[in-house]
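# Summary of structural features
Below are the chains, spelled out letter by letter.
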Amino acid sequence: MTPSFSAAVFALTYSIVRERCAGAEEGSTRLLNRVATYILGCHSRLPDFMRVPLRLATIGLDGSTLLTTGRPLHLLSHEERWRRIERWRASRFSPLRNVLRFYEGLAVFGWYGEVHEDGA
Amino acid sequence: MAPEAASTSYRNGGAETVVLGSGPGGAVTACLLAEAGRDVLLVEEGPSLALGDTESFSRDEMRRKYRNGGVTVALGNPSIAYAEGRCLGGGSEVNSGLYHRTPPEVLDRWQTEFGLRDATEADLAPHFEACERDLNVSLLPAEAPPASLRLHSGAEHLGWRSIEVPRWYRYDAGGQARRQSMTETYLPRAVQAGCRIVPQTRARVIRREAGQFKIHCSQDTADGGQRQAEFVAKTLVVACGAVQTPALLRRSGIRDNIGRTLHFHPTIKVVARFPEVVNHAGMGVPVHQVKEFSPRIGLGCAISQPPHLALAMLDHPEALAEVLADWQHCAVYYAMTLGGAGSVTPLPVFADPLVRFGLSAGDMGDLATGLRRLCECLLAAGADLLFPTVRGLGPIACEADLAKIPPALSPGATSLMTIHAFSSCPMGEDAARTATDSFGRVRDVPGLRIADASILCSPPGVNPQGSVMAFARRNALALLEGRG
């Protein structure tokens, strides 16, 4: 029930890919897990001064639903999670939009990379 | 094959000349000095990988051959995503192999504005010619990829100048193409001439003591750890690229006109959908560029494999799945501009420098003009739907829709990227605004030289690697002849 960086990355990946990308049906967890692992790898290679702020921001997003739902983002249903993500994407607070864009970019790039580069 | 790397027995050694960085500037410099009989040690931060060790433009290549896995950003409003090679051979190993000479009008401007001497078109011609021979710069022997031809046909329809850009490729008797790079050309020659190469070694700081340079490095070890290493050199050539070179020099206390004038080619993209097939798996590098508005605005076609298409569709999420389902009818195009300026600042504690970049309202206007020209060209080429990387700007389907593009793009809504960085340590005789003299010698630090895109005075408006190699060759020969 506590916020977690890696669980949040997996949750964001699942939601973004399922909502945005063709072929990401419920059953393709192996590919989705590979995309999430790819994003975690990208995070670990970021410029060093950006890693901690992004990690904290991600944990913050995960924990932001605790007050209203009693559960972190990664434990919400896909529908609930997506509603929040859509709200954050449209936020007037640009750092929040930038965090979402970072994950959106890597998620769609990673997904279509899995599907097309690897012929999965 | 990647050139053989030196054993770690050199880790506490040195050389008459140490070259930091093995991209086009460092590789050409190391090769020419070694072939002239100089004792040369080439230190590269990234791993030693052959050209064919990774698939071009794949995620694997980004992970293994790019700095920060290809996820680097210059902070600003808007922030600009940029990419740098980080492997033996540097950017030459990961780019499209497109080649340009420095435009003559750019050289004239550098002479006028920066006091750059001995760098006219005629002065540089022999250096360009030599590099072109060494890299087999040539036009495609067969037809260009269809997405590239679409751009060309749109420009022709409008009466705009469009060219096929030559590339660094070698063709065997069977017509099979092999891209050229530093690990295919200058680095094997350098090793053959006695140059020692030490990969996976990052220069952290340089000190000048008793007429010599001491280069303090951290070196990757086989077990994933790091150890300290130190090299000593009489002459030091820094060729770590337009971001890492000023970061290293500033960290080492060398700051005059260093790292305060970083320039990019800010680039905006458009995904275009055509009624006919224009894309296929493994489609070669697009080679056409529209030069009608050069150097202020350049138009071209980008790598358009599905992951790259998906990334360019981020501002149109509602159409992403539809475009990707139809990806063989779609390709990514770009408009490249010259504007803006930035800085490179090393941060205490952190290894990676902070890169900042700012664009004025006029620069955002140039990007809007570039975007409008690009859309005009693609519509003339027969595209039926265009998706610019601008949030809130809907798809463009006809000329009337071009009115939706504002006179200046909004910084908060525009997604920009670049693969060209330069001018962070400009060269010339105007000491008030340059970091080095006209031959890359850093002012007031005898024996220290720069040989990468940092010394280009301002944005060249074309891929800078041809310019980097020609200036590196000119400056290395001047060093050998005692002229510069």
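Residues numbered from 1 in each chain as written. Chains lettered and ligands numbered in written order. Predicted model: local features only at pLDDT ≥ 70, side-chain atom pairs only at ≥ 80, totals over all residues. Heavy atoms only, no water.

### Observations concerning the overall build of chain B
Put simply, the rule is: What counts as a helix is a DSSP run of H or I of at least four residues, what counts as a strand is a run of E of at least two, and both are numbered from the N terminus. A simple rule labels every residue: compare its accessible area, found with a 1.4 Å probe on the protein chains alone, to the largest value its type can have, and call it buried under 20%, exposed over 50%, or partly exposed in between. What makes two residues a contact is simply this: any of their non-hydrogen atoms within 4.5 Å. We score Asp and Glu as negative and Lys and Arg as positive, and we do not count His or the chain ends. For charged residues, the charge sits on one atom: NZ in Lys, CZ in Arg, CG in Asp, CD in Glu.
Tallying secondary structure elements over chain B gives eleven helices and 23 strands in all. Along the first, second and third principal axes, the C-alpha atoms of chain B reach 70 × 50 × 45 Å. Buried positions account for 61% of the 484 residues belonging to chain B. In chain B, of all internal contacts separated by at least 6 residues, the share reaching a separation of at least 24 is 74%. Within chain B, the 50 negative side-chain charges are centred at a point lying 6 Å from the centre of the 47 positive side-chain charges.

### Examining the domain arrangement of chain B
Residues and elements named next belong to chain B. Spelled out, the test is: These domain boundaries are the output of an automatic or database domain assignment. Simply put, the buried area is the total loss of 1.4 Å probe accessible area from both parts when two parts are fitted together. When a carboxyl oxygen of Asp or Glu is within 4 Å of a side-chain nitrogen of Lys or Arg, the pair counts as a salt bridge.
Along its sequence, chain B is organised into domain 1 (8-56 + 90-136 + 181-260 + 422-480) and domain 2 (146-174 + 266-418). Of note, the centres of domain 1 and domain 2, computed from C-alpha atoms alone, are 30 Å apart. Of the roughly 2,200 Å² buried at the junction of domain 1 and domain 2 (both faces included), carbon and sulfur atoms supply 60%. Our count for the contact surface shared by domain 1 and domain 2 stands at zero salt bridges.

### Describing helix H5 (residues 146-158) of chain B
Residue and element names in this part refer to chain B. For clarity, the cut-off: Given a helix with a known number of residues, its expected span is that number minus one, times 1.5 Å. Relevant arc is that of directions from the helix axis to the C-beta atoms, nothing else.
Helix length check: H5 (13 residues) gives 19 Å between terminal C-alpha atoms against 18 Å at 1.5 Å per residue, within 8%. Inspection of H5 places Ala-147, Ser-148, Leu-151, His-152, Gly-154 and Ala-155 among the buried residues, and these make up the whole buried set. With its buried residues spanning 155 degrees around the axis, H5 presents them on a single face. Opposite the packed face of H5, turned more than 90 degrees from it, sit the exposed residues Glu-156 and His-157. The inward-facing, buried residues of H5 abut strand S6 (162-164), strand S15 (288-290), strand S16 (298-301), strand S17 (330-336) and helix H10 (361-380). Phi turns positive, to about 75 degrees, at Gly-159, one or two residues after H5.

### Regarding helix H6 (residues 94-117) of chain A
Under the 1.5 Å per step criterion, the end-to-end length of H6 of chain A is 32 Å for 24 residues, consistent within 8% with the ideal 34 Å. With 17 of 24 residues buried, H6 of chain A lies mostly within the body of the structure.

### A closer look at the confidence of the model for chain A
The following threshold applies: For every residue, the predictor reports its confidence as pLDDT, a number between 0 and 100.
Per-chain confidence: chain A averages 91 in pLDDT, with 95% of residues scoring 70 or above. Within chain A, helix H3 (residues 48-63) of chain A carries the highest mean pLDDT (96), whereas helix H4 (residues 66-69) of chain A carries the lowest (91).

### Points about the pairing of strand S1 (residues 14-20) of chain B
Residue and element names in this part refer to chain B. Note the cut-off: In this description, strands pair whenever DSSP reports at least two bridges between them. Orient the strands so they point away from the viewer, and a crossover whose first-strand-to-second-strand path over the helix runs clockwise is right-handed.
Counting buried residues along S1, five of its seven residues qualify, which places the element largely inside the surrounding structure. In the sheet, S1 pairs with strand S12 (residues 226-238) via six bridges, with the strands oriented parallel. Residue pairing for S12: Thr-17 is matched across the bridge by Thr-235. Pairing of S1 with strand S2 (residues 40-43) involves four bridges; the strand directions are parallel. By the bridge assignment, Val-18 is partnered in S2 with Leu-41. Handedness of the crossover joining S1 and S2 through helix H1 (residues 24-35): right-handed.

### Observations concerning the sheet that holds strand S5 (residues 137-138) of chain B
Residue and element names in this part refer to chain B. Note the threshold: To define axes, lines are fitted to C-alpha atoms, for helices over the stretch in contact only, and angles between the resulting N-to-C directions are given on a 0 to 180 degree scale.
One open sheet accounts for three strands, arranged S5-S7-S8; its pairing is antiparallel. Both edges of this open sheet fall to S5 and strand S8 (177-179), since each of them pairs with a single strand only. Sheet analysis places S5 next to strand S7 (residues 167-171), joined by two bridges and oriented antiparallel. Each residue of the ladder has a partner; that of Ser-138, found in S7, is Arg-167. Strand contacts of helix H4 (residues 121-135): S5 and S7, with the helix running at about 40 degrees to S7, the strand carrying the most contacts.

### Examining the pattern of salt bridges
All names here are of chain B. Scanning all chains against the criterion turns up 28 salt bridges over all chains. The salt bridge involving Arg-101 is made with Glu-132; its shortest N-O contact spans 2.8 Å. In this pair, Arg-101 is assigned in the loop between strand S4 (80-82) and helix H3 (104-114) and Glu-132 in helix H4, connecting sequence segments 31 residues apart. A salt bridge links Asp-134 to Arg-189; the shortest N-O distance between them is 3.3 Å. With Asp-134 in helix H4 and Arg-189 in helix H6 (residues 186-192), this pair connects stretches of sequence that are 55 residues apart. Of the residues examined, Asp-134 reaches a relative accessible area of 24% and is grouped as partly exposed. For Arg-189, a relative accessible area of 29% corresponds to the partly exposed category. Beyond isolated ion pairs, a larger network of salt bridges with shared partners links Glu-45, Arg-67, Glu-84, Arg-86 and Arg-202.

### Thoughts on the packing of aromatic side chains
Given two aromatic rings, their pairing is described by the distance between the two centres and the angle made by the two planes. Note the cut-off: Aromatic contacts are taken between Phe, Tyr and Trp rings whose centres are within 6.5 Å, Trp giving its six-membered ring; a plane angle under 30 degrees counts as stacked, one over 60 as edge-to-face, and the others as tilted. Charge-over-ring placement is defined geometrically: NZ (Lys) or CZ (Arg) within 6 Å of the ring centre, and within 35 degrees of the ring normal.
Per the stated rule, a full pass over the model turns up eight aromatic pairs over all chains. When the centroid spacing of 6.4 Å and the interplanar angle of 25 degrees are considered together, the rings of Tyr-169 of chain B and Tyr-171 of chain B count as stacked. Taking relative accessible area as the criterion, Tyr-171 of chain B reaches 24% and is therefore assigned partly exposed. Of the aromatic side chains, those joined through ring pairs into one cluster are Tyr-82, Phe-264 and Phe-357 of chain B. Above the plane of the ring of Tyr-38 of chain A lies Arg-59 of chain B, whose end atom (NZ or CZ) is 5.1 Å from the centre. One residue, Arg-167 of chain B, lies across the ring of Tyr-169 of chain B, its end atom 3.6 Å from the ring centre.

### What about the packing of helix H2 (residues 29-45) of chain A against H3 of chain A?
Residue and element names in this part refer to chain A. For the record, the criterion: To sort the angles, those under 35 degrees are grouped as roughly parallel, those over 145 as roughly antiparallel, those from 65 to 115 as roughly perpendicular, and the leftovers as oblique. Basically, the charged four are Asp, Glu, Lys and Arg, the nonpolar ten are Ala, Val, Leu, Ile, Met, Phe, Trp, Tyr, Cys and Pro, and anything else, Gly included, counts as polar.
Relative orientation of the contacting elements H2 and H3 amounts to 135 degrees, with a least axis distance of 8 Å. Accordingly, the angle class assigned to the pair H2 and H3 is oblique. Facing H2, whose interface residues are His-43, Ser-44 and Arg-45, H3 presents Arg-51, Leu-54 and Arg-55. Partitioned by chemical class, the residues of the contact of H2 with H3 number one nonpolar, two polar and three charged.

### Some thoughts on unusual backbone geometry
All names here are of chain B. Here the amide bond leading from Asn-77 into Pro-78 is cis, since omega sits at 5 degrees, within 30 degrees of zero. Relative to the assigned elements, Pro-78 resides in the loop between strand S3 (72-74) and S4. With an omega of 0 degrees, the peptide bond between Ser-294 and Pro-295 qualifies as cis. As for its placement among the helices and strands, Pro-295 is situated in the loop between S15 and S16. Positive phi, close to 65 degrees, is recorded for Phe-57, a residue that is not glycine. Within the fold, Phe-57 resides in the loop between S2 and helix H2 (59-65). According to the relative accessible area criterion, Phe-57 is buried, its value standing at 19%. Backbone geometry places Ala-210, a non-glycine residue, at a positive phi of 50 degrees. On the accessibility criterion, Ala-210 (82% relative accessible area) is exposed.

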